[in-house]
Amino acid sequence: MGKRAKKICRQKFKQKLHCVSHSSKQPRRQPQSRPRPTLNPPTCNFVNNRLCGNILLNSSVPTLEIWKGKMEKKATITLSVFNSSMSTSFIDVTITRNCKCPVEFTVPPGSTLSSTVDNAKSITVSQEDAGIADGKYNLEVCFATSS
């Protein structure tokens, strides 16, 4: 780099230093606050229904539908199924949905399994093997209503 180029670089560097040191001495301006527009969200109420019950599946009752949604609203359900340790069969749970594949899980004896499913349509429990499946279920159904 030539002498003239070095001189120009030093001058620009000094100007930058001067600007930085000079600007730090000036008081900082506070940003102007603008009033935020207020949006009124649509009013929406949620309905939660909770129910529970017993399950007893055997050779005379191998399948049981424990819930069926008969509403046009999309329902979100949370289901817990308990299978007693005295049971001799697994409990198969099938949750059908309106637009997607069903959710399925199997509850072994002495265990509890849970699932939360959106857009649920119905819940069916059945026994996997011959024998007796004795248990309980807890169900919470939640859906929105507009007012």
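Report on the accompanying structure.

What counts, and where the lines are drawn
- Residues numbered from 1 in each chain as written.
- Predicted model: local features only at pLDDT ≥ 70, side-chain atom pairs only at ≥ 80, totals over all residues.
- Heavy atoms only, no water.
- Helix = DSSP H or I, 4+ residues; strand = E, 2+ residues; numbered from the N terminus.
- Buried < 20%, exposed > 50% of the residue type's maximum accessible area, 1.4 Å probe, protein only.
- Areas by Shrake-Rupley, 256 points an atom, 1.4 Å probe, with all protein chains shown as cover.
- Pairing = 2+ DSSP bridges.
- Axes fitted to C-alpha atoms, helices over the stretch in contact; angles between N-to-C directions.
- Contact = heavy atoms within 4.5 Å.
- Salt bridge = Lys/Arg side-chain N within 4 Å of Asp/Glu carboxyl O.
- Core = buried A, V, L, I, M, F, W, Y, C linked by side-chain atoms within 4.5 Å.
- Polar contact = N/O pair within 3.5 Å; in protein donor to acceptor, adjacent residues only side chain to side chain.

### Topic: the overall build of the protein
On a plain count of helices and strands, the protein comes out with one helix and eight strands. Starting at the N terminus, the α and β elements of the protein follow one another as α-β-β-β-β-β-β-β-β. Taking all 147 residues of the protein together, the buried fraction comes to 24%. Accessible surface, the protein: about 11400 Å² in total, of which carbon and sulfur atoms supply 53%.

### A short note on the sheet that holds strand β4 (residues 91–97)
Whether parallel or antiparallel, the strands of a sheet pair through hydrogen bonds between backbone atoms. Pairing is antiparallel in the open sheet, where four strands are placed in the order β2-β7-β4-β5. The two strands at the open ends of the sheet, each matched to only one other strand, are β2 (63–68) and β5 (103–107). Sheet twist, expressed as the average angle between the axes of neighbouring strands with direction ignored, equals 15°. Examined bridge by bridge, β4 and strand β7 (residues 120–127) share seven bridges and lie antiparallel to one another. Looking at β7, one finds that T96 is bridged to S122.

### A few points about the environment of P102
In this structure, P102 sits in the loop between β4 and β5. With a relative accessible area of 43%, P102 lands in the partly exposed category. Separated by 20 residues in sequence, P102 and S122 have C-alpha atoms that sit 9.6 Å apart. Filtering out sequence-adjacent residues up to four positions away, P102 remains in contact with T94, I95 and T96.

### A short note on the pattern of salt bridges
Under the definition given, this model contains one salt bridge. The residue R50 makes a salt bridge to E140 at a minimum N-O spacing of 3.6 Å. Taken together, the positions of R50 in strand β1 (residues 44–57) and E140 in strand β8 (residues 133–146) put the pair 90 residues apart, joining distant regions of the chain. Overall, E140 belongs to the partly exposed group, its relative accessible area being 25%.

### Comments concerning the nonpolar core
Counting 23 residues, the largest nonpolar core has I77, L79, V93, I95 and I123 as its most contacted members. Only β1, β2, β3 (76–83), β4, β5, β7 and β8 provide two or more residues apiece to this core. Take this core: its biggest share by element is five residues, from β8.

### Comments concerning the side chain of S84
Residue position: S84 is located in the loop between β3 and β4. In this structure S84 touches P109, G110, D134 and G135, once residues within four positions along its chain are discounted.

### What about the environment of T106?
For T106, the position within the fold is in strand β5. When residues no more than four places from it in sequence are discounted, the contact partners of T106 are F90, I91, D92, L113 and E128. At 2.9 Å, the side chain of T106 forms a polar contact with the side chain of D92.

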